[in-house]
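As a plain string of letters, each chain reads:
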Amino acid sequence: MPGESGQPSISTTLFEPEVTAGLEVGPDPGPDWSGGPSINRRIFRAALIVTVAGILVKVVAAAKEFVVAGVFGRSDAMDAFLIAFLIPGMLVNLFSESMNQALIPTLVRVRETEGPSKAQELLSSAMAWICLLLAVGSVAMALAAPLIFPLIAGHFSPEKLRLTEQLFYGSLPVVLLAGIASNCTAVLNTFERFAWPALAPIVTPLAIILGAWLLSGQFGIWILVYANVAGAAVHMSLMIWMMQTHGYRFRLHWHGMTDAMREVIGQYGPVMLSGLVASSGLLVDQGMAATLSPGSVSTLVYANRFVSVILYLLAGAIATAVTPYFSQLVARGDWAGCRHTLNTYVRITALISIPVALVMILGSRLLIRLTFQHGNFGPADTAAVAPVQAMYAIQLPFFIVSRVFYRYLVAIRKTSLILYCGIINLVLDVVLNLVLMRWYGVAGIALATSLWTVSTFIFLCFWAYRLMPPDGASNPDGMVTA
């Protein structure tokens, strides 16, 4: 669906980024980690900056949805595009986002204990490896497309299925472009650079808006593919430039299987598999929606638009903000700081997300009518989408709070638990979909998602506190053995 104290503040860095020639000049040494409350203030400021930047991005993204809905409605072409774009997004999450979660705690530890040159070597090796995986994954999925799409969109007509496959092939360059941009963004966050990386994704919805307005008559649904590829290329270029101005070079060079790289790969496997399980759940949902009445896939996707925006703004912001701080606290063995930060942000996220969920549930029909209902999207479409959105909104507080637990477990390298949680959720998703869609149709699929999110919250909460060492525990390398 997710920096100050003895150095320039985030607000200063936003307007005056320090440009370094390389690691010889060096990135900022990092903040003063001497006090838990100051760390929580930094997290809050980082989350606020990411949220504000995310709001700007999502305002433009909402305008994009408004434009796309007016141009394409709930058409067969739009169904085909949405299914086609599932797999590129899945590959980015599967390979690149998983690498971020496995790499960042180790990258922070290596920078802390071995210096910036060793951290650069680790980053170069990790990026070379992930680019190879992205390329191989893209080729493999391209070869498998004729077998995969009939399974997940078996009720599409032959013409609609053919269009889906063609749109998918056209979208594949996004995988490598977005994957590199994601890695560079995660690295920038470790230096407490949050604002510009959070703003940069705005280029893609802007490209789609311009394309849909100006070129949809000429290219039809294909303009969404072209605009996504162009936006991803610009986004990647911006992230590479920003990362290099803050001390890390973009190099794809394998430095061998060092202890640090071995640690990253060891954590990467479970995270990647958990990402595969989560992506499979998305494919299951949309595949099951495709077995219902025409337009059900579009209904499901439109209904999730605003919920996903809130998850991006709140869950994404808190996950982005806490990740480098948890990594630092764990690397230093500051378990009192970990506990304080965990408790603080569980309370804050719950207090914010519960009222938001209630507003989304009660105001679902009004929101859909005011935003989507125009052009080819009529009152009947609003009546179909609104109850599905309300079902999706139930998950909000459970998902958002669970991100705090999730990022702590990643920081202590307990990624195997993330995988177990994902497997449980995939089984629940399939079972609940089969039961609830019989009663509620496409709204039952959305309700099933919310219910397994509750399961995620319970699972991650239990293990986060179960594995929290006593406040006086000492563990220099940050590894948790409980």
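Residues numbered from 1 in each chain as written. Predicted model: local features only at pLDDT ≥ 70, side-chain atom pairs only at ≥ 80, totals over all residues. Heavy atoms only, no water.

Caption draft 1: Focus on the overall build of the protein chain. In terms of helices and strands, the protein chain carries 18 helices and zero strands. Within the protein chain, the fraction of its 482 residues that count as buried is 57%. Roughly 19,000 Å² of accessible area belongs to the protein chain as shown, and the carbon and sulfur atoms make up 69% of that amount. (Helix = DSSP H or I, 4+ residues; strand = E, 2+ residues; numbered from the N terminus. Buried < 20%, exposed > 50% of the residue type's maximum accessible area, 1.4 Å probe, protein only. Areas by Shrake-Rupley, 256 points an atom, 1.4 Å probe, with all protein chains shown as cover.)

Caption draft 2: Expanded view of the nonpolar core. Ranked by size, the top nonpolar core spans 103 residues in total, and within it Met 78, Leu 107 and Leu 224 carry the most contacts. In this view, Leu 107 contacts Ala 119, Leu 122, Leu 123, Val 187 and Tyr 248; residues no more than four positions away in its chain are not counted. Counting 40 residues, the second largest nonpolar core, distinct from the first, contains Ile 49, Ala 53, Tyr 345 and Leu 409. (Core = buried A, V, L, I, M, F, W, Y, C linked by side-chain atoms within 4.5 Å. Contact = heavy atoms within 4.5 Å.)

Caption draft 3: Focus on the packing of helix α15 (residues 379-393) against helix α18 (residues 442-466). Following both chains from N to C, one finds α15 and α18 inclined at 10°, their axes separated by 7 Å at the closest point. Classified by the interaxial angle, the pair formed by α15 and α18 is roughly parallel. Between α15 and α18, the contacting residues are Val 388, Met 391 and Tyr 392 on the first element and Val 442, Ala 443, Ala 446, Leu 447, Thr 449 and Ser 450 on the second. The residue makeup of the contact of α15 with α18, split by class, is seven nonpolar, two polar and no charged. (Axes fitted to C-alpha atoms, helices over the stretch in contact; angles between N-to-C directions. Parallel < 35°, antiparallel > 145°, perpendicular 65-115°, else oblique. Nonpolar A, V, L, I, M, F, W, Y, C, P; charged D, E, K, R; others polar.)

Caption draft 4: Highlighting the packing of aromatic side chains. Scanning all chains against the criterion turns up 16 aromatic pairs. Geometrically, the ring pair formed by Phe 168 and Tyr 169 is tilted, given 5.6 Å between the ring centres and 50° between the ring planes. Taking relative accessible area as the criterion, Phe 168 reaches 0% and is therefore assigned buried. The partly exposed category is assigned to Tyr 169, whose relative accessible area is 36%. Arranged with centres 5.2 Å apart and planes meeting at 55°, the rings of Tyr 302 and Phe 372 form a pair that is tilted. Placement of the pair is Tyr 302 in helix α12 (residues 296-331) and Phe 372 in the loop between α14 (364-371) and α15, with a sequence separation of 70 residues. An identical accessibility class is assigned to Tyr 302 and Phe 372; each is buried. Within the aromatic cluster, the residues linked to one another by ring pairs are Tyr 302, Phe 306, Phe 372 and Phe 377. (Phe/Tyr/Trp six-rings, centres within 6.5 Å; stacked < 30°, edge-to-face > 60°.)

Caption draft 5: Layout of the side chain of Lys 160. Secondary-structure assignment places Lys 160 in helix α6 (residues 158-171). Once you skip the residues sitting within four places of it in the chain, Lys 160 turns out to touch Asp 76, Asp 79 and Ala 80.

Caption draft 6: Representation of helix α3 (residues 76-84) within the structure. The element α3 is largely enclosed, with a buried count of seven among its nine residues. Residues of α3 that are buried: Met 78, Asp 79, Ala 80, Phe 81, Leu 82, Ile 83 and Ala 84.

Caption draft 7: Examining the pattern of salt bridges more closely. For the structure shown, the criterion picks out six salt bridges. In this structure, Lys 118 and Glu 121 form a salt bridge, with 3.9 Å as the shortest nitrogen-oxygen distance. You can see Lys 118 and its partner Glu 121 sitting in helix α5 (residues 116-152), three residues apart, about one turn around the helix. We note a salt bridge from Asp 259 to Arg 262, for which the minimum N-O separation is 3.0 Å. Remark: Arg 262 and Asp 259 occur in helix α11 (residues 259-289); sequence separation between them is three residues, near one turn of the helix. When its relative accessible area of 62% is taken as the criterion, Asp 259 is described as exposed. (Salt bridge = Lys/Arg side-chain N within 4 Å of Asp/Glu carboxyl O.)

Caption draft 8: Just unusual backbone geometry, in detail. Even without a glycine there, the phi angle at Arg 413 is positive, about 65°. Within the secondary structure, Arg 413 is located in the loop between α16 (396-411) and α17 (415-440).

Caption draft 9: Main features of a nonpolar patch on the surface. Residues Tyr 420, Ile 423, Val 427, Val 431, Leu 434, Val 435, Trp 439 and Tyr 440 make up a contiguous nonpolar surface patch of about 820 Å² in total accessible area. Residue placement: Tyr 440 occurs in helix α17. Since its relative accessible area comes to 45%, Tyr 440 is described here as partly exposed. (Patch = residues over 30% accessible without salt bridge, like charges linked within 9 Å, V, L, I, M, F, W, Y side chains within 5 Å.)

Caption draft 10: Spatial organisation of the environment of Glu 65. Structurally, Glu 65 can be placed in helix α2 (residues 36-72). The spacing of Glu 65 and Pro 205 is 140 residues in sequence and 8.7 Å in space, taken between C-alpha atoms. Discounting residues that sit within four places of it in the chain, Glu 65 has contacts with Arg 305 and Phe 372.

Caption draft 11: Focus on the confidence of the model for the protein chain. For the protein chain, the mean per-residue pLDDT works out to 81, and 89% of the residues sit at or above 70. Low pLDDT, under 50, characterises residues 1-37; the predicted model gives this stretch 73 contacts beyond four residues in sequence or across chains. Within the model, the stretch residues 475-482 combines pLDDT values under 50 with 18 contacts to residues more than four positions away or in other chains. (pLDDT = per-residue confidence, 0-100.)

Caption draft 12: Fine view of the packing of α3 against helix α4 (residues 86-113). At a minimum axis distance of 4 Å, the contact between α3 and α4 shows a crossing angle of 20°. With respect to α4, the axis of α3 lies roughly parallel. Contacts between α3 and α4 involve Leu 82, Ile 83 and Ala 84 on the former and, on the latter, Leu 86, Ile 87 and Pro 88. Taken together, the residues that form the contact of α3 with α4 break down as six nonpolar, no polar and no charged.

Caption draft 13: Region of interest: the environment of Arg 193. Positionally, Arg 193 belongs in the loop between α7 (173-190) and α8 (195-199). Look at Arg 193 and you get buried, because its relative accessible area is 6%. Between the alpha carbons of Arg 193 and His 246 there is a distance of 8.9 Å; along the sequence they are 53 residues apart.

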